[in-house]
Amino acid sequence: MESRSLTLTLGPSADRRRPLALTPGEDLVGFISSHVGRAVLFLITATSVLAVLLILLFVILRSVPFLRDFGVGEFLTSRLWRPTADEPVFGALTLIVGSLYVSIAALLFAVPVGILAAVFLSDILSWKIRNVAKPVVEILAAIPSVAYGFFAVLVLAPWMQRRFGFSTGTNALNASIILAVMALPTIISVAEDAISALGRELREASYSLGATRLETMVKVVIPAAHSGIIAAVVLGMMRAIGETMVVWMASGNATQIPHPWWDLSQSIRTMTATIAGEMGEAPEGMPHRSALFAVGVVLLLMTFMLNIVSEYFLSRAKKAAGKS
Amino acid sequence: MPATAADNQATKSDVRMMVTLNRQPTPNSKTPAAECACPVIRSSGFSLYYGAKIGVKDITMEIYPCSVMAIIGPSGCGKSTFLRSINRMNDLIPHVRTEGLLEVDGQNVYDKRTNLINLRQQVGMVFQKPNPFPKSIFDNIAYGPRLQGIRRKEELQHIVEQSLKAAAIWDEVKDDLRKSALALSGGQQQRLCIARALATRPRVLLMDEPCSALDPIATGRIEDLIGQLQSTYTIVIVTHNMQQAARVSERAAFFCLGELIEYDRTEKIFSNPTKKQTEDYVTGRFG
Ligand SMILES: Nc1ncnc2c1ncn2[C@@H]1O[C@H](COP(=O)(O)OP(=O)(O)OP(=O)(O)O)[C@@H](O)[C@H]1O
Ligand SMILES: [Mg+2]
């Protein structure tokens, strides 16, 4: 009995043979529903894209009058930022350099540590610990930045003053360290995804030829995952360059370029901190306010470019993982 | 297929060259007869579990040097599992547990003090799924030799050429060794992996269905290669192709549901097996 019903369900259902061509009615319904579905999805996507574009347009428009009066060249190359002087000067060079300075310094800490941690997570820790450690790392990304800022001001700053005798504890080093810690979860998580996406087969190939774990990592796994690792680094950079609260609290906010250039113990100021800190004091309609918008445009362009770079490498990483 | 006879001839002599090449570096080289007396691989009561699931159970067998051993059996019966146990390839799989003894040259490979690097250099492997590195063809083959400290360009080039010829893929790739190995077809990748395993010059070669993705011509050449190699290598080959097992192997083992059902000389397994299960399988009446 049972076997009979089985053969029945498995055999071709001759009684329900359907025409392979669509009837005109089915054709119409299919046409309409696919177009309606597409229209709805398009509207949703278009709204979010439009919102971003409008923000961009708004920021650019607000900065145009200022840039026209003051001059783009002067704005980008002058080292003087004196928005409240009788004769105000708006040179953003120190701010741009400050942002890049702490971000790059942060990456110098975070990238080696992040890649090592990613390798450690994906290939060295035992399975049990790995399953706990990865979510913990990702939770670190969710700690609000003001909490990091508190740590920077109340713990790290006095400690650095005492330990190294710096004139101020809120300086580029302090900001970079905290930014590095904040960028780490992103870097570890994205790099770990790229490294473990490569799969067991590739590693087995290397081990079967007599490679050690280190050789397998350095010669096979990391080169094969390099796109994903670069994407991780760029995403970490975006996180660092766009961060506001922590640098506002930890960097000292002095509009200067460190001299000599490698002296991390000096205070600096970033674009983000400047915008956040001065927006309240810059009255509507004054050049100060438009200048802040111009700083915002520079910041936007930078993160925009980084975003494109990271997208490019992430898509390459996906291809690499799919192929091998 | 024009002009393959000449090509084949060239390939065979190259293989022979490689075989002779292979003999020289063996330290304190005994006479072949003495070397072929005791088993290279010996397993006794060996079991492997994937968590609670059985991979292979209570395998006891001896594999002799300078011969070809074929493992046959239905899908999912633990052929790959056993093969991969010999060079500890199951280490990367989570929750794997082993019991019993598995020795290579008298050394228990699951001992804590086993030198895995030396083990894997001596026990090469061709995997069931081709797994070339995302590198050039040349770098794929040269990977093993480079790990062993070979740096000289001419020497590497020589090894790469010999290995590719032995694996019957040289003619297809010789024009562009810089091409990515991932750009090769599945069957070409499989032969590349065979060449890569040969380039390390192992003494034991584990082949997991090396011909499953190959056309009859390439298959024939790989079988020729196995014939050439068996005078100096110990080869363990997993295959679903009964004719192939009969053609290339001296001994054959029949696995079923993780257990070793029968292990004997190949003629006996195919013509006059002791167990009913084996007979059903080799005559195609299985299941
Ligand atoms: N990584 C793994 N994790 C869990 N179970 C596994 C794993 N690999 C294999 N197994 C199980 O172990 C058993 C034996 O698998 P194995 O790959 O050794 O079979 P096989 O004989 O090589 O089959 P085939 O001829 O299809 O390649 C199967 O039941 C399979 O489900
Ligand atoms: Mg298998």
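Computed from a predicted model, the values in this text were never measured in an experiment. (Residues numbered from 1 in each chain as written. Chains lettered and ligands numbered in written order. Predicted model: local features only at pLDDT ≥ 70, side-chain atom pairs only at ≥ 80, totals over all residues. Heavy atoms only, no water.)

> Summarise the overall build of chain B; cite the residues concerned and give the values.
Tallying secondary structure elements over chain B gives twelve helices and ten strands in all. Going through the 287 residues of chain B one by one, you find that 52% of them count as buried. Long-range contacts, defined as pairs at least 24 residues apart, comprise 68% of the intrachain contacts of chain B with a sequence gap of at least 6. Accessible surface, chain B: about 12,700 Å² in total, of which carbon and sulfur atoms supply 50%. (Helix = DSSP H or I, 4+ residues; strand = E, 2+ residues; numbered from the N terminus. Buried < 20%, exposed > 50% of the residue type's maximum accessible area, 1.4 Å probe, protein only. Contact = heavy atoms within 4.5 Å. Areas by Shrake-Rupley, 256 points an atom, 1.4 Å probe, with all protein chains shown as cover.)

> So what about the domain arrangement of chain A? Which residues, and what values?
All names here are of chain A. When its domains are assigned, chain A resolves into domain 1 (28-75) and domain 2 (92-323). Between domain 1 and domain 2, the C-alpha centre-to-centre distance is 28 Å. In total, domain 1 and domain 2 occlude about 990 Å² of area from one another, counting both sides; carbon and sulfur atoms represent 79% of this. Counting every contact that joins domain 1 to domain 2 gives one salt bridge. One salt bridge connects Glu284 with Arg62, and the closest N-O pair in it is separated by 2.4 Å. Here domain 1 and domain 2 share two residue pairs in polar contact (both at pLDDT 80 or more) between them. The class makeup of the residues in the side of domain 1 that touches domain 2 is seven nonpolar, one polar and one charged. (Domains from an automatic or database assignment. Buried area = accessible area lost by both parts, 1.4 Å probe. Salt bridge = Lys/Arg side-chain N within 4 Å of Asp/Glu carboxyl O. Polar contact = N/O pair within 3.5 Å; in protein donor to acceptor, adjacent residues only side chain to side chain. Nonpolar A, V, L, I, M, F, W, Y, C, P; charged D, E, K, R; others polar.)

> Let's hear about the coordination of the magnesium ion (ligand 2): which residues, and what values?
Donor atoms from the polypeptide that bind the magnesium ion (ligand 2) are Ser80(B) (OG) and Gln128(B) (OE1), placed at 1.9 to 2.2 Å. Of this pair, Ser80(B) sits in helix α3 (residues 79-86) while Gln128(B) sits in the loop between β6 (123-126) and α5 (137-147), and the two are 48 residues apart along the sequence. (Donors = N, O, S within 2.8 Å, 3.2 Å for Na, K, Ca; no water.)

> Tell me about the nonpolar core, and please be specific about residues and values.
Counting residues in each nonpolar core, the largest one holds 74 residues, and the members touching the most others are Met271(A) and Val295(A). Examining the composition of this core, we find that 15 residues originate from one element, helix α7 (residues 172-196) of chain A, more than from any other. Core analysis: the second largest hydrophobic core is formed by 49 residues, Ala166(B), Leu177(B), Val248(B) and Cys256(B) among them. (Core = buried A, V, L, I, M, F, W, Y, C linked by side-chain atoms within 4.5 Å.)

> Any chance you could break down the site of ligand 1 for me, citing the residues and the numbers?
Residues and elements named next belong to chain B. Ser75, Lys79, Ser80, Thr81 and His240 are the nearest of the 13 residues found near ligand 1. Within the side chain of Lys53, an N or O atom sits 2.9 Å from an oxygen atom of ligand 1. A distance of 2.4 Å separates an oxygen atom of ligand 1 from a polar side-chain atom of Ser75. With the chains in place, 70% of the 630 Å² that ligand 1 exposes on its own is no longer accessible. A per-element tally of the shell around ligand 1 places α3 first, with three residues. Its residues placed into classes, the shell around ligand 1 shows three nonpolar, seven polar and three charged. (Near = heavy atom within 4 Å.)

> Explain the pattern of salt bridges to me, and be specific about the residues and the numbers.
For side chains of opposite charge, pairing can occur when their charged atoms come near one another. In total, this model carries 26 salt bridges over all chains according to the counting rule given. Its salt-bridge partner being Arg203(A), residue Asp123(A) comes within 2.6 Å of it at the nearest N-O pair. Taken as a pair, Asp123(A) in helix α4 (residues 93-124) and Arg203(A) in helix α8 (residues 200-208) lie far apart in primary sequence, 80 residues in all. On the accessibility criterion, Asp123(A) (11% relative accessible area) is buried. Assessed through its relative accessible area of 6%, Arg203(A) is described here as buried. One salt bridge connects Glu161(B) with Lys165(B), and the closest N-O pair in it is separated by 2.7 Å. Of this pair, Glu161(B) and Lys165(B) both sit in helix α6 (residues 153-166), four residues apart, which is roughly one turn of the helix. Judged by its relative accessible area of 26%, Glu161(B) is partly exposed. For Lys165(B), a relative accessible area of 17% translates into the label buried. Three or more residues are tied together by salt bridges with common partners; here these are Lys134(A), Glu138(A), Glu192(A) and Asp193(A).

> How would you explain unusual backbone geometry if you had to name every residue and give the values?
Residue His259(A) is joined to Pro260(A) through a cis peptide bond whose omega torsion reads -5°. Within the fold, Pro260(A) resides in the loop between α11 (245-250) and α12 (271-278).

> Just give me the short version of helix α10 (residues 226-242) of chain A, but keep the residues and values in it.
Between its first and last C-alpha atoms α10(A) spans 24 Å; for 17 residues at 1.5 Å apiece the expected length is 24 Å, and the two agree. Those residues of α10(A) lying buried are Ser227(A), Gly228(A), Ile229(A), Ala231(A), Ala232(A), Val234(A), Gly236(A), Met237(A), Ala240(A) and Ile241(A). (Expected span 1.5 Å × (residues − 1).)

> Lay out the packing of aromatic side chains with the relevant residues and their values.
Applying the stated criterion across every chain yields a total of 13 aromatic pairs over all chains. Here the aromatic rings of Phe58(A) and Phe293(A) are separated by 5.6 Å at their centres, their planes lie at 90°, and the arrangement is edge-to-face. Placement of Phe58(A) in helix α2 (residues 24-70) and of Phe293(A) in helix α13 (residues 287-323) is noted, with a sequence separation of 235 residues between them. Centre to centre, the rings of Phe133(B) and Tyr143(B) are 4.6 Å apart; their planes meet at 50°, and the pair counts as tilted. One end of the pair, Phe133(B), is in the loop between β6 and α5; the other, Tyr143(B), is in helix α5, with ten residues separating them in the sequence. Connected via pairs of aromatic rings, a cluster forms that spans Phe66(A), Phe70(A), Phe75(A), Trp81(A) and Phe90(A). Positioned above the aromatic ring of Trp127(A) is the side chain of Arg130(A), whose terminal nitrogen or guanidinium carbon lies 4.4 Å from the ring centre. (Phe/Tyr/Trp six-rings, centres within 6.5 Å; stacked < 30°, edge-to-face > 60°. Lys NZ or Arg CZ within 6 Å of the ring centre and 35° of its normal.)

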